[in-house]
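Each chain, written out:
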Amino acid sequence: GRPNSVTTGNVKSFFNADGRPKFRMICEGANLFLSDGARAVLEKAGVHVFKDASTNKGGVCSSSLEVLAALAMPEEEHSKLMTYNPAETQEPPEF
């Protein structure tokens, strides 16, 4: 990641011309860091900012599950339970 990639100097790009935020929520991820000043500007405007330490945990957990499933399951079972091919059906599986 790049520390302080969104700063008080460029946070204005997150706002429309009329001054309203373009987003209601922002997840700070592994490759998008917010400086304290940028975070304050966004939060003052009513944007909910989720810190990377919180949001990345879900990605790490799901990635670990995908790797474990690929290693532990027979290929046919993995394809049936862990993948979705829209060419085969228009309805995604229920979770």
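Predicted model only: the values in this text are computed from it and were never measured.

### Structural notes on the packing of aromatic side chains
No. 1: Taken as a whole, this structure holds 1 aromatic pair when the rule is applied.
No. 2: For the pair F14 and F23, a centre-to-centre distance of 6.0 Å together with 65° between the ring planes defines the contact as edge-to-face.
No. 3: F14 sits in the buried class, given a relative accessible area of 15%.
No. 4: Take F23: its relative accessible area is 42%, and that puts it in the partly exposed class.

### Some details on the environment of P92
No. 1: Relative to the helices and strands, P92 resides in the segment after α3 (75–82).
No. 2: Among the residues examined, P92 registers a relative accessible area of 49% and is labelled partly exposed.
No. 3: Sequence-wise, P92 and E75 are 17 residues apart; in three dimensions their C-alpha atoms are separated by 20 Å.

### Points about the pattern of salt bridges
No. 1: Taken as a whole and assessed by the stated rule, the structure comprises 3 salt bridges.
No. 2: One salt bridge connects R20 with D18, and the closest N-O pair in it is separated by 2.7 Å. Here R20 and D18 have matching classes, each one exposed.
No. 3: Measuring nitrogen to oxygen at the nearest pair gives 2.7 Å for the salt bridge that ties R39 to E28.

### Concerning the environment of I26
No. 1: In this structure, I26 sits in strand β1 (residues 25–27).
No. 2: Residue I26 is classed as buried on the basis of its relative accessible area, which comes to 6%.
No. 3: When the C-alpha positions of I26 and S62 are compared, they lie 20 Å apart, and in sequence the two are 36 residues distant.

### What about helix α1 (residues 36–44)?
No. 1: Along α1, the residues that are buried comprise A38, R39 and L42. The arc that holds every buried residue of α1, seen down its axis, measures 100°, which confines them to one face. The exposed set on the far side of α1, more than 90 degrees from its buried face, consists of D36 and K44.
No. 2: Buried residues along α1 sit in contact with β1 and β2 (48–50).
No. 3: The first or second residue beyond α1 is G46, which carries a positive phi of 95°.

### Considering a nonpolar patch on the surface
No. 1: Together, L65, L81 and M82 make up a nonpolar patch on the protein surface, roughly 270 Å² of accessible area in all.
No. 2: Tracing the backbone shows L81 in helix α3.

### Focus: the environment of N85
No. 1: Relative to the elements of secondary structure, N85 occurs in the segment after α3.
No. 2: On the basis of relative accessible area, N85 is assigned to the partly exposed category, the value being 35%.
No. 3: Taking the C-alpha atoms as reference points, N85 and V6, separated by 79 residues in sequence, lie 36 Å from one another.

Cut-offs and rules
Residues numbered from 1 in each chain as written. Predicted model: local features only at pLDDT ≥ 70, side-chain atom pairs only at ≥ 80, totals over all residues. Heavy atoms only, no water. Phe/Tyr/Trp six-rings, centres within 6.5 Å; stacked < 30°, edge-to-face > 60°. Buried < 20%, exposed > 50% of the residue type's maximum accessible area, 1.4 Å probe, protein only. Helix = DSSP H or I, 4+ residues; strand = E, 2+ residues; numbered from the N terminus. Salt bridge = Lys/Arg side-chain N within 4 Å of Asp/Glu carboxyl O. Arc of directions from axis to C-beta. Contact = heavy atoms within 4.5 Å. Patch = residues over 30% accessible without salt bridge, like charges linked within 9 Å, V, L, I, M, F, W, Y side chains within 5 Å. Areas by Shrake-Rupley, 256 points an atom, 1.4 Å probe, with all protein chains shown as cover.

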